[in-house]
Amino acid sequence: MDGNLKDAIGTALGTTVSTVRPLSGGDINQAYAVTVEDGREVFVKTNHRAPPGMFAAEGRGLTWLDQAKVVRIPAVIATSDQFLILELIRPRQRAPSFDQDLGRALAALHRAAAPTFGLDHDNFIGRLAQSNHPQPRWSDFYRQERLLPQLRRATDGGMVPQALQRALDRVLSDLDDLVGPDEPPARLHGDLWGGNLMCDDRGAPCLIDPAVYGGHREMDVAMMRLFGGFAEGTFNAYAEAFPLAAGHLERIALYQLYPLLVHVNLFGGSYVGAVESALAALV
């Protein structure tokens, strides 16, 4: 961490940075445990190539999740275009009830709801802009604000073969029939893979790195099943607290399309095959 960044962090905290310790984890940003002159320790995430507003949007998202008061969310201390400063959480061993507690907490978070499909501001997923323009119906939101922007980006980048484009077009045209029964907007984490779940200092679940919005709760559940990291006990506890609608297992591939297209745009064409596999389950 260079001296200018240390000075900016110290200014935001009203003190001087004493020590900086790099932390592991994360594919896009750098993370540090920072000790300041008065003895406080904080978590700092930084990226000199971050788009303007990215860290501020993440801070707003954490606060929005925390408003539900159902699961541990790190407290936001300060944000700028250079960094995000959060409380430093020191993980310990998971409590025996960790998986079940997580399932019940996610059910409660989704029940906390949202005013609309969308959000009153746009944000980011990874370093990619994420439009949250409200739509009256979930199928409209998923089509216009999720799938189409990522598809256009991937197409412009030359990463979508024609056959894949045609299959995606069929899904987009049939989306009203594919999305499942109507449900009110849920309060979503929005990027709920295993790397964005941690264990706090009490052994309880803690959620980090959100890409929040109001949406269909099966989006979070499908993302949890995409890359692993969640025990079946979590899904069972969720189902007991807030059962999913009939046919939800058949919709997993549909709701994994968005994060898979995001991964195509973030990490390249190696994820195109996963998009093709998801589409094969739908068309």
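First things first, this report covers the structure right here in the doc. Keep in mind it's a predicted model, so treat the numbers as computed, not measured.

Examining the overall build of the protein
Then, number 1: What the protein contains, in helices and strands, is 10 helices and 11 strands.
Then, number 2: Taken over the C-alpha trace, the protein has a radius of gyration of 19 Å; the compact-globule value for 283 residues is 19 Å, and the two agree within 12%.
Then, number 3: Expressed as lengths along the three principal axes of its C-alpha atoms, the size of the protein is roughly 60 × 45 × 30 Å.
Then, number 4: Here the protein holds 283 residues, and the buried ones make up 51% of them.
Then, number 5: Long-range contacts, defined here as pairs at least 24 residues apart, represent 66% of the contacts in the protein between residues at least 6 apart.
Then, number 6: Counting every atom, the protein has about 12800 Å² of accessible surface; 50% of that belongs to carbon and sulfur.
Then, number 7: One way to put it: in the protein the 26 positive side-chain charges average out to a point 1 Å from where the 33 negative ones average out.

Some remarks on the side chain of Asn 123
Then, number 1: Mapped onto the secondary structure, Asn 123 falls in strand β6 (residues 123-125).
Then, number 2: Among the polar contacts made by the side chain of Asn 123, one reaches the main-chain carbonyl oxygen of Val 212 at a distance of 2.8 Å.
Then, number 3: Beyond its immediate chain neighbours, meaning those up to four positions away, Asn 123 contacts Ala 57, Leu 128, Ala 129, Gln 130, Asn 132, Ala 211 and Val 212.

Let's talk about the pattern of salt bridges
Then, number 1: Following the criterion strictly, the structure yields 19 salt bridges and no others.
Then, number 2: Across the salt bridge formed by Glu 218 and Arg 251, the nearest N and O atoms sit 2.9 Å from each other. With Glu 218 in helix α7 (residues 218-224) and Arg 251 in the loop between α8 (232-241) and α9 (252-267), this residue pair connects regions lying 33 residues apart in the sequence. We note that Glu 218, like Arg 251, is buried.
Then, number 3: Residues participating in the shared-partner salt-bridge network are Arg 72, Glu 87, Asp 200, Asp 201 and Arg 202.

Describing the packing of helix α3 (residues 98-111) against α8
Relative orientation and spacing of two packed helices are given, respectively, by the angle between their axes and the distance between those axes.
Then, number 1: One way to put it is that α3 packs onto α8 with a least axis distance of 7 Å and a crossing angle of 45°. It follows from the interaxial angle that α3 and α8 lie oblique. When you trace α3 past α8, the crossing you get is right-handed. Together, Asp 99, Gln 100, Leu 102, Gly 103, Arg 104, Leu 106, Ala 107, His 110 and Arg 111 of α3 and Gly 233, Thr 234, Ala 237, Tyr 238 and Ala 241 of α8 make up the contact between the two elements.
Then, number 2: The residue makeup of the contact of α3 with α8, split by class, is 6 nonpolar, 5 polar and 3 charged.

Describing the environment of Met 198
Then, number 1: Relative to the assigned elements, Met 198 resides in strand β9 (residues 197-199).
Then, number 2: Separated by 108 residues in sequence, Met 198 and Arg 90 place their C-alpha atoms 9.8 Å apart.
Then, number 3: Aside from chain neighbours lying at most four places away, what touches Met 198 is Ile 89, Pro 91, Phe 98, Ala 204, Pro 205, Cys 206 and Ile 208.

A few points about helix α5 (residues 162-173)
Then, number 1: Counted at 1.5 Å a residue, the expected span for α5 with its 12 residues is 16 Å, and the 17 Å between its end C-alpha atoms agrees.
Then, number 2: Three or more residues of α5 are buried, namely Leu 164, Ala 167, Leu 168, Val 171 and Leu 172. Buried residues along α5 cover an arc of 140° about the axis, so they all sit on one side. Exposed side chains of α5 directed beyond 90 degrees from the buried face belong to Gln 162 and Ser 173.
Then, number 3: Of the surrounding secondary structure, the elements contacted by the buried residues of α5 are α4 (138-156), α6 (175-178), α9 and α10 (272-280).

What counts and how
Residues numbered from 1 in each chain as written. Predicted model: local features only at pLDDT ≥ 70, side-chain atom pairs only at ≥ 80, totals over all residues. Heavy atoms only, no water. Helix = DSSP H or I, 4+ residues; strand = E, 2+ residues; numbered from the N terminus. Rg over C-alpha atoms; globule rule 2.2 N^0.38 Å. Buried < 20%, exposed > 50% of the residue type's maximum accessible area, 1.4 Å probe, protein only. Contact = heavy atoms within 4.5 Å. Areas by Shrake-Rupley, 256 points an atom, 1.4 Å probe, with all protein chains shown as cover. Lys, Arg positive; Asp, Glu negative; His and termini not counted. Charge placed at Lys NZ, Arg CZ, Asp CG, Glu CD. Polar contact = N/O pair within 3.5 Å; in protein donor to acceptor, adjacent residues only side chain to side chain. Salt bridge = Lys/Arg side-chain N within 4 Å of Asp/Glu carboxyl O. Axes fitted to C-alpha atoms, helices over the stretch in contact; angles between N-to-C directions. Parallel < 35°, antiparallel > 145°, perpendicular 65-115°, else oblique. Left-handed = near helix turned anticlockwise from the far one by under 90°. Nonpolar A, V, L, I, M, F, W, Y, C, P; charged D, E, K, R; others polar. Expected span 1.5 Å × (residues − 1). Arc of directions from axis to C-beta.

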